[in-house]
Structures are given as structure tokens and as C-alpha cells.
Amino acid sequence: MAEQLRDADAQIVYLDISTASMEIAKRRAQIRGLDNIEWVRGSLLALPQIRIGEFDYISCTGVLHHLENPVEGLKVLKSAMKQDGAMGIMVYGRYGRTGIYQIQELMKMINVEQDNMQQKVENTKTILDCLPKTNWFKKSEQLFSDINDGDVVIFDYFLHSQDRAFTVPQLYDWLNDCGLNLLEFAEFKASYRPEMFIKDNDLLQNIKTLPIDKQQSVAELIVGALTKHTFYASGQI
């Protein structure tokens, strides 16, 4: 975003609770010669106390689904958004991650008396190596192309203590609870359109009479492989 707005009269605020992640971002900005970023360390839940202003656009990717209370997190973000502003959000998709959650439950059972995190990771890798073809994660493994990218990925997929995924109806309920509207999906747009899959015209026309969220729910269930939802939201329709 800072690169795209390099020549604009805009100020980017980077907020992160992780010092290590922020240092990586700072190095990337330095390499690109970007000086339009304000660096703030802290939790998004502390935004009302940090008081860094209201924003035209807020990007929050892969964070809200790890909060204990995603509703609280989204409401805090909304409080920092201008009235005519918008957000870009990514959270996990429930159906595409079915196999992930089965392995999470399995590892909770296997690691119940294990306190050493590295050993939990090793136990998980051992289990992944012995999964039969009938296992649901094994059947859907191609959806997770980074599964072999190291222990951090293993932890994030299978050992994370806070992990909430959403179906399309749950997305709409969540946004509604926070006074927001889903404007448009930003990735895999075709996967939310039933006409991409249903070729029987009579059946399709019946489905097209449903509200847009119901149509998108139908498509989500047909696809069955959406591991994340990336979308834009606003307080306006």
C-alpha cells in the first residue's frame, strides 16, 4: 500500500503487536525507499487508547480470526474508520479448512500432556506423515501449498490456540453485528457465484431469486474448498 501511494499525499500507519514482524516490514520499506509509513507497535484492541486517528482505508489480513472475540476486534477497527471509509479483511473459511480442524482436534488429544512446543510440532509432523488417504486433511492437502514451509506453518495450521473460521452466513452475521456491510469479495470472486457451477437454467433462476448472501452461500457449499474469505466492507451500502 505504501508503494502504491508513494507519490500521493497519504500517510500509511503500520500497526503490529509483533516486533519481529515489524522489523521485517521496516527492512522491506527501507529497501524500497519508502518514507510515508508511521510505525506503531501495539494491539489493534488498543486502538482507542493509541489514538492514531481515523482512516479512509483499513487493511486487516489474517488477524481477526485469531482473536478471542472477533466481534470486539472488528468493532474496534470500525471505530478507527472514517464514516465513508472501507476495510479490506481476510479471515479463514470454514468448509475449506475442514481437514485442518480435524487434525487440530487430533493433536489436542495426542499432545494433552505435552508442554514442550517443539515436541508438539514434532508430534504433529509425525502424524501428518502417517495419515492414510482416507483422512480428510490428506484428501484436501493440495489446498495448502505452504504446508512444507517449516515449523511455523505447522504451528499456525494445527497448534494455534485461537482459530475461528467463518461460513458465508457467519460472515454476514458478524459484519451485521458490527454495523458493517459486505461490499464485495476480493479474491476467488467466481467461487461465490452459483451460475459458475449450475447449468440447469430453471434451477439457476430459482436460486437467483434468493438474496445475494444466500446465493453466495449456495456457491460456497458447492465449491467446498474456500479456505479463506477476502472481502471489502464498509458502513455504507
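Just so it is clear, the model here is predicted, and its values are computed rather than measured.

## Thoughts on the packing of aromatic side chains
Here the structure, examined in full by the defined rule, presents 8 aromatic pairs. Each ring, one from F137 and one from F158, has its centre 5.3 Å from the other, and the planes form 85°; the classification is edge-to-face. A residue pair is termed long-range when its members are at least 10 positions apart, and F137 in helix α6 (residues 136–140) and F158 in helix α7 (residues 151–158) qualify at 21 residues. Looking at R97, its charged tip hangs above the ring of Y92, at a distance of 3.5 Å from the centre.

## Considerations on the packing of helix α5 (residues 117–129) against α7
Packing of α5 against α7 leaves a shortest axis separation of 10 Å and a crossing angle of 85°. Classified by the interaxial angle, the pair formed by α5 and α7 is roughly perpendicular. Contacts between α5 and α7 involve M117, Q118, V121, E122, T124, K125 and L128 on the former and, on the latter, D151, I154, F155 and F158. Of the residues assigned to the contact of α5 with α7, the class counts are 6 nonpolar, 2 polar and 3 charged.

## Quick word on helix α1 (residues 19–32)
Taking 1.5 Å per residue as the helical rise, α1 with its 14 residues ought to reach 20 Å, and the 20 Å between its terminal C-alpha atoms agrees with that figure. Of all the positions in α1, only M22, A25 and A29 are classed as buried. Seen along its axis, α1 keeps its buried residues to an arc of 65°; they face one direction. Seen from the open side of α1, the exposed residues pointing more than 90 degrees away from its buried face are A20, R28, Q30 and I31. If you follow the buried residues of α1, they end up packed against β1 (12–16) and β2 (37–41). Just past α1, the residue G33 takes up positive phi, approximately 70°.

## Overview of the packing of helix α3 (residues 70–79) against helix α8 (residues 168–177)
Relative orientation of the contacting elements α3 and α8 amounts to 55°, with a least axis distance of 9 Å. In this view, α3 runs oblique relative to α8, as classed from their interaxial angle. Crossing handedness for the pair α3 and α8: right-handed. For the pair α3 and α8, the contacting residues are P70, V71, L74 and K75 in the first and W174, L175 and D177 in the second. Looking at side-chain class alone, the contact of α3 with α8 contains 5 nonpolar, no polar and 2 charged residues.

## Focus: the layout of surface pockets
Over the atoms, a rolled probe matching the size of one water molecule traces out where space is still vacant. Size it by volume and the largest pocket reaches roughly 1500 Å³. Lining the largest pocket are 41 residues; nearest its centre among them are V13, Y14, L15, D16 and S59. Elements with a minimum of two residues in the lining of the largest pocket: β1, α1, β2 and β3 (55–61). Per-element tally for the lining of the largest pocket: the top contributor is β3, with 7 residues. Broken down by class, the residue content of the lining of the largest pocket amounts to 26 nonpolar, 8 polar and 7 charged.

## Some details on the pairing of β1
Relative to β2, β1 runs parallel, the two being bridged by 5 bridges. Following the sheet pairing, Y14 is matched in β2 by W39. For the crossover that starts at β1, traverses α1 and ends in the parallel β2, the hand is right-handed.

## Points about the side chain of Q216
By the secondary structure assignment, Q216 is in helix α10 (residues 212–223). At a separation of 2.6 Å, a polar atom in the side chain of Q216 contacts the side chain of Y172. Apart from the residues lying within four places of it in its own chain, the contact partners of Q216 are V168, Y172, F185 and Y192.

## Some details on unusual backbone geometry
Even without a glycine there, the phi angle at R51 is positive, about 55°. Inspection of the secondary structure puts R51 in the loop between α2 (47–50) and β3. Although it is not a glycine, F188 adopts a positive phi angle of roughly 55°. On the secondary structure map, F188 appears in the loop between β6 (181–185) and α9 (201–208).

Rules of the game
- Residues numbered from 1 in each chain as written.
- Predicted model: local features only at pLDDT ≥ 70, side-chain atom pairs only at ≥ 80, totals over all residues.
- Heavy atoms only, no water.
- Phe/Tyr/Trp six-rings, centres within 6.5 Å; stacked < 30°, edge-to-face > 60°.
- Helix = DSSP H or I, 4+ residues; strand = E, 2+ residues; numbered from the N terminus.
- Lys NZ or Arg CZ within 6 Å of the ring centre and 35° of its normal.
- Axes fitted to C-alpha atoms, helices over the stretch in contact; angles between N-to-C directions.
- Parallel < 35°, antiparallel > 145°, perpendicular 65-115°, else oblique.
- Contact = heavy atoms within 4.5 Å.
- Nonpolar A, V, L, I, M, F, W, Y, C, P; charged D, E, K, R; others polar.
- Expected span 1.5 Å × (residues − 1).
- Buried < 20%, exposed > 50% of the residue type's maximum accessible area, 1.4 Å probe, protein only.
- Arc of directions from axis to C-beta.
- Left-handed = near helix turned anticlockwise from the far one by under 90°.
- 1 Å grid on protein atoms, 1.4 Å probe; cavity = no way out; pocket = protein on both sides within 12 Å on 5 of 7 lines; lining within 4 Å.
- Points joined across faces, edges and corners; volume = space filled by probe spheres on them.
- Pairing = 2+ DSSP bridges.
- Right-handed = clockwise from strand over helix to strand, strands pointing away.
- Polar contact = N/O pair within 3.5 Å; in protein donor to acceptor, adjacent residues only side chain to side chain.

That is the geometry; function is a separate question.
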